[in-house]
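Reading the structure
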Amino acid sequence: MGAELMSKYGINVPKGVAVSSVQEVKNVIQSTFPNEEELVVKSQILAGGRGLGTFKSGLKGGVHIVKAGYVEEISGKMLGQILVTKQTGPQGKPVNKVYLCQKLSLVNEMYFAITLDRTTAGPIIIACKKGGTSIEDLAEKFPDMIIKVPIDVFKGITDEDAAKVVDGLSPKLADRNASIEQVKKLYKLFCECDCTLLEVNPMAETSEGQLVAADAKLNFDDNAAFRQKEIFSLRDSSQEDPREVAAAKADLNYIGLDGEIGCMVNGAGLAMATMDIIKLHGGTPANFLDVGGNASESQVVEAFKILTSDEKVKAILVNIFGGIMKCDVIASGIVNAAKQVALKVPVVVRLEGTNVDHGKRILKESGMTIITAEDLDDAAQKAVKASAK
């Protein structure tokens, strides 16, 4: 999908087609690549490190260069399987599509990326004349080769900026002026499509002297979904954490982590403080979950369902400071959630603020076994102790 988008902006990309079945593979080979002797087969997952990944079936590598006669076979071994890479975690991600593309004769591989930089409060282009491997590895092995070119977000990219990037890439055959134009087109795509990351790795040179985006990863700003409807319609929720998908549908801010204490908090700052104090007392948060200041009772119920769906969670800490959010609404949500979800883990609740007495009364009269806490420090200690049982 990234290649198709870049092609629309005049960026050089290898010819390719995404397919989701072996029959489609067969059709595409006949219609699009009838004369190709070899093709590149790339598993399509939302994670990097595919080339060095391993399928749970045992197949090594999520990217293969194969003879045309073996493309169907290797595609069949990839489709429907789980690929594990450095970036997926041990659970891996399902390969629902593979991308078939022409094999180019590459003479040089470089690294190129555009992302957002807090220091300069705008876009920054990162380039390295070595590529084909992760930027982390490049930074470790070739730190002096990496150049960074901040772009003035108001002026946009200038010829001088683009020239600095091209000099950093140090192409051997590609025309310098043509390469500068490619960099400017990549920046235009980054801005107009509301990207938060545009990574081309490798940015390659062909034997014909053309600069080509051989492989790419693009991230988009969720806040721009309303004006990037075509891009966001391509979203594949099977590639995302199902808990985060469920949270987004319920308009909750959730990020899954690897700990054992589930957190439900109102306000991002308080949520971060809650996670910190859990760590301070020897525990590990299982998530970041901000129900916001205007959460309804049904949203609280949904939040509890998400927390209890995580098998790693050994205790739940509810930390609510009722300003806009009312403590009685949280309490009612907890009670209703307990009726719908078989709670098998202890729940520690710290309520403070608007309607706090009403909220505590709802919890007390519910008959639920709730561990109450007077303050955040007390709540964290009790949650860590409860999770260890």
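Residues numbered from 1 in each chain as written. Predicted model: local features only at pLDDT ≥ 70, side-chain atom pairs only at ≥ 80, totals over all residues. Heavy atoms only, no water.

1. Details of the overall build of the protein
Looking only at helices and strands, the protein has 13 helices and 19 strands in total. With the principal axes as the frame, the protein shows a C-alpha extent of 75 × 50 × 40 Å. The buried share among the 389 residues of the protein stands at 44%. The long-range fraction of contacts in the protein, counting pairs at least 24 apart against all pairs at least 6 apart in sequence, stands at 67%. Of the roughly 19500 Å² that the protein leaves accessible, carbon and sulfur atoms contribute 50%. Across the protein, the mean location of the 45 positive side-chain charges is 3 Å away from that of the 50 negative side-chain charges. (Helix = DSSP H or I, 4+ residues; strand = E, 2+ residues; numbered from the N terminus. Buried < 20%, exposed > 50% of the residue type's maximum accessible area, 1.4 Å probe, protein only. Contact = heavy atoms within 4.5 Å. Areas by Shrake-Rupley, 256 points an atom, 1.4 Å probe, with all protein chains shown as cover. Lys, Arg positive; Asp, Glu negative; His and termini not counted. Charge placed at Lys NZ, Arg CZ, Asp CG, Glu CD.)

2. With respect to the sheet that holds strand E6 (residues 93–94)
Pairing is antiparallel across the open sheet formed by three strands, whose spatial order is E3-E5-E6. The open sheet terminates on both sides in strands that have one partner only, identified here as strand E3 (54–55) and E6. As paired strands, E3 and strand E5 (residues 82–84) are joined by two bridges and run antiparallel to one another. Each bridged residue has a counterpart across the sheet, and for Thr54 the counterpart in E5 is Val84. (Pairing = 2+ DSSP bridges.)

3. Structural notes on the environment of Thr133
When you line up the elements, Thr133 lands in the loop between strand E9 (122–128) and helix H4 (135–141). For Thr133 and Gly16, which are 117 residues apart along the polypeptide, the C-alpha to C-alpha distance reads 22 Å.

4. A look at the packing of helix H11 (residues 327–340) against helix H12 (residues 356–365)
Following both chains from N to C, one finds H11 and H12 inclined at 15 degrees, their axes separated by 7 Å at the closest point. The angle between H11 and H12 falls in the class roughly parallel. Read as a crossing pair, H11 and H12 show a hand that is right-handed. Contacts between H11 and H12 involve Cys327, Asp328, Ala331, Ser332, Ile334 and Val335 from the first element and Val356, His358, Gly359, Ile362 and Leu363 from the second. (Axes fitted to C-alpha atoms, helices over the stretch in contact; angles between N-to-C directions. Parallel < 35°, antiparallel > 145°, perpendicular 65-115°, else oblique. Left-handed = near helix turned anticlockwise from the far one by under 90°.)

5. Things to note about the sheet that holds strand E4 (residues 63–67)
The strands that make up a sheet are held in pairs by hydrogen bonds between backbone atoms, and each pair lies either parallel or antiparallel. Spatially, the four strands line up as an open sheet ordered E1-E7-E2-E4, and their pairing is antiparallel. Of all the strands in the sheet, the pair left with one neighbour each is strand E1 (16–19) and E4. Strand-to-strand, the axes of this sheet are offset by a mean angle of 25 degrees, without reference to chain direction. The sheet strands contacting helix H2 (residues 22–31) are E1, strand E2 (38–43) and strand E7 (98–102), and the helix crosses E1 at an angle near 160 degrees.

6. Structural notes on the state of the cysteines
Per the counting criterion, the structure on display carries zero disulfides. Not part of a disulfide, Cys327 finds its nearest cysteine sulfur in Cys263, a span of 17 Å. (Disulfide = S-S within 2.5 Å.)

7. Here we look at a negative patch on the surface
Where like charges cluster on the molecular surface, the negative patch consists of Glu352, Asp357, Glu374, Asp375 and Asp377. In this fold, Asp377 is placed in helix H13 (residues 376–387). Residue Asp377 is classed as partly exposed on the basis of its relative accessible area, which comes to 32%. (Patch = residues over 30% accessible without salt bridge, like charges linked within 9 Å, V, L, I, M, F, W, Y side chains within 5 Å. Salt bridge = Lys/Arg side-chain N within 4 Å of Asp/Glu carboxyl O.)

8. Quick notes on H2
Among all positions in H2, only Val25, Val28 and Ile29 are buried. Along the axis of H2, the buried residues cluster in a sector spanning 100 degrees; they form a single face. Of the residues in H2, the exposed ones pointing more than 90 degrees away from the buried face are Gln30 and Ser31. Close packing links the buried residues of H2 with E1, E2, helix H3 (71–78) and E7. (Arc of directions from axis to C-beta.)

9. Examining the confidence of the model for the protein
With 99% of its residues at a pLDDT of 70 or more, the protein has an overall mean of 90. Here H4 is the element of the protein with the lowest mean pLDDT, 80, and helix H6 (residues 176–192) is the one with the highest, 97. (pLDDT = per-residue confidence, 0-100.)

10. Some details on the nonpolar core
Of all hydrophobic cores here, the largest spans 34 residues; its most connected members are Phe112, Leu186, Leu189 and Leu198. For this core, the secondary-structure elements that each account for two or more residues are helix H1 (2–8), strand E8 (106–117), E9, helix H5 (159–169), H6, strand E11 (195–206), strand E12 (211–213) and helix H7 (229–232). When residues of this core are assigned to their parent elements, the largest contribution, six residues, is made by H6. Apart from residues no more than four positions distant in its own chain, Leu189 is found in contact with Leu5, Met6, Tyr9, Ile11, Cys195, Leu198 and Leu218. Residues Cys327, Val347, Leu351 and Val356 belong to the second largest nonpolar core, which totals 31 residues. (Core = buried A, V, L, I, M, F, W, Y, C linked by side-chain atoms within 4.5 Å.)

11. Topic: the environment of Asp117
Structurally, Asp117 can be placed in strand E8. Residues Asp117 and Pro150, 33 residues apart in the sequence, show an inter-C-alpha distance of 8.0 Å.

12. Some details on the packing of aromatic side chains
Per the stated rule, a full pass over the model turns up zero aromatic pairs. Above the plane of the ring of Phe142 lies Lys130, whose end atom (NZ or CZ) is 5.5 Å from the centre. (Phe/Tyr/Trp six-rings, centres within 6.5 Å; stacked < 30°, edge-to-face > 60°. Lys NZ or Arg CZ within 6 Å of the ring centre and 35° of its normal.)

13. Section: the pairing of E11
Buried residues dominate E11, accounting for eleven of its twelve residues. Pairing geometry for E11 and E12, over three bridges, is antiparallel. Residue pairing in the sheet places Ala204 in a bridge with Val212 of E12. Connecting E11 to the antiparallel partner E12 that follows it, the hairpin turn spans four residues, and Gly209 within it adopts a positive phi of roughly 80 degrees.

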